[in-house]
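Close look at the chain arrangement
The lines below spell out each chain.
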Amino acid sequence: MSTPASRLAGKHVVITGASSGFGAAAARAFAREGAHVWLGARREDRLAEVCTALADEGPGRSAWHGLDVASTSSVQAFADWLRANAGSVDVLVNNAGGALGLEPVSEGRDQDWEAMMQSNVLGVLRMTRALLPLMPRDAGAMLLNIGSIAARTPYENGAAYCAAKAGELALTRALRLELNGTGIRVATLDPGMAETEFSVVRFKGDAGRAARVYEGVTPLRAEDVAEAMVWMASRPAHVCIDEMVIKPTDQAAIHRVFRRPS
Ligand code: NDP
Ligand code: 8X3
């Protein structure tokens, strides 16, 4: 008996922040479904590595272009490249983002706050505005934004990151209303603790401090989150999984992580 073809086969999937973590895992997962994957991020050497490795994953095309979602001109150049090469966009995964710093507001740095708002909030708005004209109507196209449980439960020392992800949740809900009737699905996938480069970036290269975040816990892997993205995007065109929260089994709530003694 032959396996039915994936609904994603031959679809054009754009993934921001594809140079590491969830984005790189999503590139592999969508490629395995037979999708064409179009990747963006700032570290072009890493993007090229991710893209080269996709050759063995599936029959679709894969290509990358430098992208800084904090810059309107960079987003525009990326959109122009997509228009010229892909022609249309079926799925936009707005994944680029992350946290910088973990300290009380009284000690926060403007530079970190501004960078978090730029990537997690304004970047999603810019990418969406630039790519919506390339998205087909009534054919199961999808905007899939990567939020966080931090949007739903703020925690001390994370005010700016939690606010940024709450912004992402709010703009996703607004877009769901704005695009109602277009056939374009709008969704947010909100993960809990996952071991990627997230904590190394948050702690500005302090790998020891980053490793302690996951001590005694089995966190989500990037592949777990990528699998959820593929599942959401591969529902039939009339089905929109509006919001999904995915957490490690041992993370009952943002503050309630069960750590096993080593
Ligand atoms: P990583 O640090 O591994 O990946 C973040 C990605 O975002 C990188 O590819 C980075 O690429 C890209 N990025 C950051 N800023 C920009 C920018 N201005 N322009 C373009 N790309 C950018 O972490 P994750 O994979 O974990 O994070 C992916 C998303 O998931 C983020 O939005 C994060 O907030 C969210 N998230 C993560 C969780 C976790 O525990 N790991 C939990 C919940 C949500 P480059 O530096 O090359 O530009
Ligand atoms: C990442 C999860 O708990 O570090 O969004 O904010 S958390």
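This text gives an overview of the structure that appears in the document. Chains are numbered independently. Their residues run from 1 in the order of the written sequence. Chain labels run from A onward and ligand labels from 1 onward, assigned in the order the entries are written. Thresholds applied to this predicted model are a pLDDT of at least 70 for local features of residues and 80 or more for the giving and counting of side-chain atom pairs; totals over whole chains, interfaces and linings are not thresholded and use all residues. Derived side-chain values reflect all non-hydrogen atoms in the structure, with water molecules and hydrogen atoms excluded from consideration.

So, the site of ligand 2
Taken together, S148, A150, Y155, Y161, F198, R202 and I254 form the complete shell of residues around ligand 2. Polar contact criterion, stated in full: a pair of N or O atoms within 3.5 Å, where within protein one must be able to donate a hydrogen and the other to accept it, and residues adjacent in sequence count only if both atoms are side-chain atoms. At a separation of 2.5 Å, an oxygen atom of ligand 2 approaches a polar side-chain atom of S148. One of the side-chain N or O atoms of Y161 is found 2.6 Å from an oxygen atom in ligand 2. Per-residue and other accessible areas were derived by the Shrake-Rupley procedure at a 1.4 Å probe size, with only the shown protein chains allowed to occlude residues. Its free accessible area being 240 Å², ligand 2 has 81% of it covered by the protein chains. We call a residue near a molecule or strand as soon as one heavy atom of that residue lies within 4 Å of the molecule or strand.

A few points about the pairing of strand β1 (residues 12-16)
Classification of residues uses two cut-offs on accessible area relative to the type maximum, computed with a 1.4 Å probe and protein chains only: under 20% is buried, over 50% is exposed, and between them is partly exposed. Numbering of helices and strands starts at the N terminus; helices are DSSP runs of H or I of at least 4 residues and strands are runs of E of at least 2. Counting buried positions along β1 yields 5 of 5 residues, so the element is predominantly enclosed. The pairing of β1 with strand β2 (residues 36-41) spans 5 bridges and is classified as parallel. Note that in β2 the partner of V14 across the bridge is W38. When the strands point away from the viewer and the connection leading from the first strand across the helix to the second strand turns clockwise, the crossover is called right-handed. Read as a crossover between parallel neighbours, the route from β1 over helix α1 (residues 21-32) to β2 is right-handed. By the convention used here, strands pair only if DSSP detects at least 2 bridges between them. Across 3 bridges, β1 lies against strand β4 (residues 91-94) in parallel orientation. Bridge assignment links I15 to a residue of β4, and that residue is V93.

Considerations on the packing of aromatic side chains
Only centres within 6.5 Å qualify two rings of Phe, Tyr or Trp (six-membered ring in Trp) as a pair; their planes then separate them into stacked at under 30 degrees, edge-to-face at over 60, and tilted for everything else. Applying the stated criterion to the full structure yields 3 aromatic pairs. Among the aromatic side chains, those forming a connected cluster through ring pairs are W38, F78 and W81.

Some words on the sheet that holds β4
By way of backbone hydrogen bonds, the strands of a sheet pair with one another, either parallel or antiparallel. An order of β3-β2-β1-β4-β5-β6-β7 is seen for the 7 strands of this open sheet, with the pairing classed as parallel. Strands with a single pairing partner mark the edges of an open sheet, and in this sheet they are β3 (62-66) and β7 (243-246). This sheet shows a mean twist of 15 degrees between the axes of neighbouring strands, independent of strand direction. The pairing of strand β6 (residues 185-191) with β7 spans 4 bridges and is classified as parallel. Structural elements are reduced to axes, namely lines fitted to C-alpha atoms, with helices fitted over the stretch in contact, and the angle between N-to-C directions of any two is expressed from 0 to 180 degrees.

Focus: the packing of helix α4 (residues 110-131) against helix α5 (residues 159-178)
Following both chains from N to C, one finds α4 and α5 inclined at 15 degrees, their axes separated by 8 Å at the closest point. As far as their axial angle goes, α5 and α4 are roughly parallel. The way α4 lies across α5 gives a crossing that is right-handed. Residues W113, M116, M117, N120, V121, V124, L125 and T128 of α4 lie in contact with α5, whose contacting residues are A160, Y161, A163, A164, K165, G167, E168, L171 and L175. Orientation labels follow simple angle bins: below 35 degrees gives roughly parallel, above 145 gives roughly antiparallel, 65 to 115 gives roughly perpendicular, and whatever is left gives oblique. Throughout, a crossing is termed right-handed when the near helix is turned clockwise from the far one, and left-handed when it is turned anticlockwise from it by less than a right angle. What makes two residues a contact is simply this: any of their non-hydrogen atoms within 4.5 Å.

Let's talk about the site of ligand 1
Residues in contact with ligand 1 amount to 31 residues; listed here are only the nearest, S19, F22, R42, Y161 and T196. Within the side chain of S19, one N or O atom sits 2.8 Å away from an oxygen atom of ligand 1. Here an oxygen atom of ligand 1 sits 2.9 Å away from a polar atom, N or O, in the side chain of K165. A total of 880 Å² of accessible area belongs to ligand 1 in isolation, and the protein chains cover 94% of it. Sorting the residues of the shell around ligand 1 by element identifies α1, α5 and α6 (198-202) as the ones contributing at least two each.

Topic: helix α3 (residues 72-85)
Think of an α-helix as 3.6 residues a turn; residues three or four steps apart then line up on the same face. Expected helix span is computed as 1.5 Å times (number of residues minus one). Relative to the 20 Å expected for 14 residues at 1.5 Å per residue, α3 spans 20 Å between its end C-alpha atoms, a close match to the ideal helical length. Listing the buried residues of α3 in full gives S74, V75, F78, A79, W81 and L82. In a view along the axis of α3, the buried residues occupy a sector of 160 degrees, so they form one face of it. Turned more than 90 degrees away from the buried face of α3, the exposed residues are S73 and A84. Tucked inside the fold, the buried residues of α3 contact β1, β2, β3 and α4. Starting at the helix axis, one direction is taken to each C-beta atom, and the arc is that of these directions.

Examining the pairing of β3
Here is the key point about a regular strand: its side chains alternate between the two faces of the sheet. Inspection of the sheet shows β2 paired to β3 by 5 bridges, in the parallel sense. Bridging across to β3, V37 finds its partner in S62. Once the chain exits β2 it traverses helix α2 (residues 44-53) before rejoining the sheet at β3, and the crossover so formed is right-handed.

Quick look at the nonpolar core
Of all hydrophobic cores here, the largest spans 40 residues; its most connected members are I15, F30, L39, L189 and M229. In this structure L39 touches I15, A18, A27, L47, V50, C51, L54, A63, W64, H65, F78 and W81, once residues within four positions along its chain are discounted. To define a nonpolar core, start from buried Ala, Val, Leu, Ile, Met, Phe, Trp, Tyr and Cys residues and group those joined through side-chain atoms within 4.5 Å. Among the nonpolar cores identified, the runner-up in size contains 30 residues, and A86, L134, L175 and L179 belong to it.

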